[in-house]
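Residue-level listing of the chains:
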Amino acid sequence: MTDTPVSNVLLVTVDSLRADAIEPYGGEYDTPTLAALADRGTVFENAFAHGNWTPMSFPSILASRPVFADTGRIGVDGEAVTTLAERLRAAGVATGGFNAANGFLTEHWGYDDGFDVFDAFVGGGTDGRAGEFVAAHPTWGAWLQLFTSPFRRAGSLLRGGDDERPFTDASRMLDVERGATDFVEGTDDPFFLWVHYMDAHTPYVPAPRYLRDLSDRRVGKVRMLVAHVRTGLGWSVGDGTLADLRTLYQGAVRQVDDSLDRLLSALDAAGVAEDTAVVVAGDHGEEFMDHGHLAHYPKLYDELVQVPLLVDVPGMPARRVAAHVGLDAIPPTVCDLLGVDPAPEWAGESLLPTIRDGVAPPDDPVVTVTVRGDDVTQQPIPRSLDEGALLVSARDADWIYIRNTETDEEELYDRRADPEQRTDLSADDDPAVVAARTRLRGVTVDHAETLAAVDAEGGEAAVDEDLETRLEALGYR
């Protein structure tokens, strides 16, 4: 290790966190912890995920590699892949990873590689059998929290406490907090700590206190939980139901914000806050009928691809960066912060020069992919490149280009004039439009050809029962 600006890095990833859900990106509701990080750190205003789903996005976040690029499958398992944790541990950095039960971020897909301490919290739980049931049936957890909250609040107040934590740890947020805090308290060496939250992933089940903050205190909670039932039964989503789902989602985001505040307090209590850089990112976004669906089906519009990226490095100036960046920059940036050389095969480049000196980041288009089956709502999520049609998008400062590599259908949008991607310009014959389409199409063709040349490494190992149950609870049947 060489001279470093900090000794430690905390990487916080939040599942399904779209950029406009938090204050630094114009979000409507308060996220005070994230707002404070943004005020003193660097806000990347145009950060983009490299996939629309966790398994499509995370190879870039923890290994700076495009999904499918090394094995033809999701995950980071394979001799050709050097994860961020592996790189740092080899340099003497202590590594801890705590994932709030996202079944796609487990040992099964190689995400424990390089971590001294790792827990994905799949199966079991501190709430015993009741907690296991709620983890497998999250919507039931919402109803349990609603109907028991008056009694729990009364008991808590009688004991002189508060009700800021959930009744039951359905999202495994509290398990993650405890694991991360114990890791910090028990580590003397420079460390890298990764924490992944699931609260903002559907079904949104925030603790009742966050719904009280956002809705009518008497009827709001029941009305919004009915929105769960309506969408679960496949009923039509009207404006009222959509508004309720958004409120549930924002409540879950605020719940994460409070948990992050407690984590930062733990760093302070351990005496390492001033020597710890904090990186926060969404792994992909979330759709609320922006293009006709809910959650995050295989599409590549901004609501699913544009995510927050905040980097707070003690002692460095606050700034906002408008240039486009991809999340594959996270591993080399973390390495740069800790004075460790990046792995030579990593795709991204460090953003530390931008954070420290305002140097413009690389201007290459950001490439994002997904795989779509016969229908946009088909489940389960494709786990290898050959399970559907590959969709590839390329984004630069001015344009968004999306191409279905199987049908050769294409879309082109003007990012500045059409930020919601409503007007497809792919058939426009204006010379500037044609030039943009030709340039970005070439980027997607090159990427698709690179993936097509990958030799898939055999079949996937069987998924165990606990992992399959957790994936099913998240809607991935």
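Quick caveat: nothing in here was measured; it's all calculated off a predicted structure.

1. Quick word on the packing of aromatic side chains
Then step 1. Counting across every chain of the model gives ten aromatic pairs.
Then step 2. By the ring-pair criterion, three or more aromatic residues cluster together here, those being Phe-58, Tyr-111, Phe-115, Phe-118, Phe-192 and Trp-194.

2. Notes on the nonpolar core
The tendency in soluble globular proteins is for nonpolar side chains to be buried as a group.
Then step 1. Val-9, Phe-44, Leu-88, Phe-192, Trp-194 and Leu-309 are the most contacted members of the largest nonpolar core, which totals 63 residues.
Then step 2. No other element matches the five residues that helix α2 (residues 54-63) contributes to this core.
Then step 3. Excluding residues that lie within four positions of it along the chain, Phe-192 makes contacts with Val-9, Leu-11, Leu-84, Leu-88, Val-93, Ala-94, Thr-95, Gly-96, Phe-115, Phe-183 and Val-334.

3. Here's the deal with the packing of helix α6 (residues 173-185) against helix α9 (residues 239-269)
Then step 1. Across the interface, α6 lies against α9 with an axial gap of 10 Å and an inter-helix angle of 15°. Comparing their axes, α9 and α6 come out roughly parallel. You can see that α6 and α9 cross each other, and the crossing is right-handed. Only Gln-255, Ser-259, Arg-262, Leu-263, Ala-266 and Leu-267 of α9 make contact with α6, whose side of the interface consists of Met-173, Leu-174, Glu-177, Ala-180, Thr-181 and Val-184.
Then step 2. Among the residues forming the contact of α6 with α9, the class breakdown is seven nonpolar, three polar and two charged.

4. Let's talk about the pattern of salt bridges
Then step 1. Taken as a whole, this structure holds 19 salt bridges when the rule is applied.
Then step 2. In this structure, the salt-bridge partner of Asp-175 is Arg-172, at a minimum N-O distance of 2.6 Å.
Then step 3. Residue Arg-172 is classed as buried on the basis of its relative accessible area, which comes to 6%.
Then step 4. A salt bridge links Arg-441 to Glu-410; the nearest nitrogen and oxygen atoms lie 3.4 Å apart. In this pair, Arg-441 is assigned in helix α13 (residues 431-452) and Glu-410 in strand β15 (residues 410-414), connecting sequence segments 31 residues apart.
Then step 5. Each of Arg-403, Asp-408, Glu-410, Arg-437 and Arg-441 takes part in a single network of salt bridges with overlapping partners.

5. Let's talk about α6
Then step 1. In a regular helix each residue adds 1.5 Å, so 13 residues correspond to 18 Å; α6 covers 18 Å between its end C-alpha atoms and thus fits that length.
Then step 2. Counted residue by residue, α6 has ten buried out of 13 residues, so it is predominantly covered.
Then step 3. If you check which residues of α6 are buried, you get Met-173, Leu-174, Asp-175, Val-176, Glu-177, Gly-179, Ala-180, Thr-181, Phe-183 and Val-184.

6. Re the side chain of Glu-411
Then step 1. Structurally, Glu-411 is set in strand β15.
Then step 2. No salt bridge forms around the buried Glu-411; measuring N to O, its nearest opposite-charge neighbour Arg-372 is 6.4 Å away.
Then step 3. Among the polar contacts made by the side chain of Glu-411, one reaches the side chain of Tyr-413 at a distance of 2.4 Å.
Then step 4. Residues in contact with Glu-411, not counting those within four places in the same chain, are Tyr-301, Ile-400, Tyr-401, Ile-402, Asp-424 and Ser-426.

7. Remarks on the side chain of Asp-283
Then step 1. Locating Asp-283 in the fold gives a position in the loop between β6 (276-282) and β7 (287-288).
Then step 2. Buried Asp-283, no salt bridge; nearest opposite-charge side chain is Arg-18, N-O distance 12 Å.
Then step 3. There is a polar contact of 3.0 Å between the side chain of Asp-283 and the backbone nitrogen of Ser-16.

8. Section: the sheet that holds strand β12 (residues 366-372)
Then step 1. One open sheet accounts for four strands, arranged β12-β13-β14-β15; its pairing is antiparallel. Pairing within the sheet leaves two strands with one partner each, and these edge strands are β12 and β15. Strand-to-strand twist in this sheet, taken as the mean axis angle between neighbours without regard to direction, amounts to 15°.
Then step 2. Sheet topology places strand β13 (residues 389-395) next to strand β14 (residues 399-404); five bridges connect them, and they run antiparallel. Looking across to β14, one finds that Val-392 is bridged to Arg-403.
Then step 3. Its contacts with the sheet place α13 against β12, β13, β14 and β15, and it is angled at close to 50° to β14.

Cut-offs used in this document
- Residues numbered from 1 in each chain as written.
- Predicted model: local features only at pLDDT ≥ 70, side-chain atom pairs only at ≥ 80, totals over all residues.
- Heavy atoms only, no water.
- Phe/Tyr/Trp six-rings, centres within 6.5 Å; stacked < 30°, edge-to-face > 60°.
- Core = buried A, V, L, I, M, F, W, Y, C linked by side-chain atoms within 4.5 Å.
- Buried < 20%, exposed > 50% of the residue type's maximum accessible area, 1.4 Å probe, protein only.
- Helix = DSSP H or I, 4+ residues; strand = E, 2+ residues; numbered from the N terminus.
- Contact = heavy atoms within 4.5 Å.
- Axes fitted to C-alpha atoms, helices over the stretch in contact; angles between N-to-C directions.
- Parallel < 35°, antiparallel > 145°, perpendicular 65-115°, else oblique.
- Left-handed = near helix turned anticlockwise from the far one by under 90°.
- Nonpolar A, V, L, I, M, F, W, Y, C, P; charged D, E, K, R; others polar.
- Salt bridge = Lys/Arg side-chain N within 4 Å of Asp/Glu carboxyl O.
- Expected span 1.5 Å × (residues − 1).
- Lys, Arg positive; Asp, Glu negative; His and termini not counted.
- Polar contact = N/O pair within 3.5 Å; in protein donor to acceptor, adjacent residues only side chain to side chain.
- Pairing = 2+ DSSP bridges.

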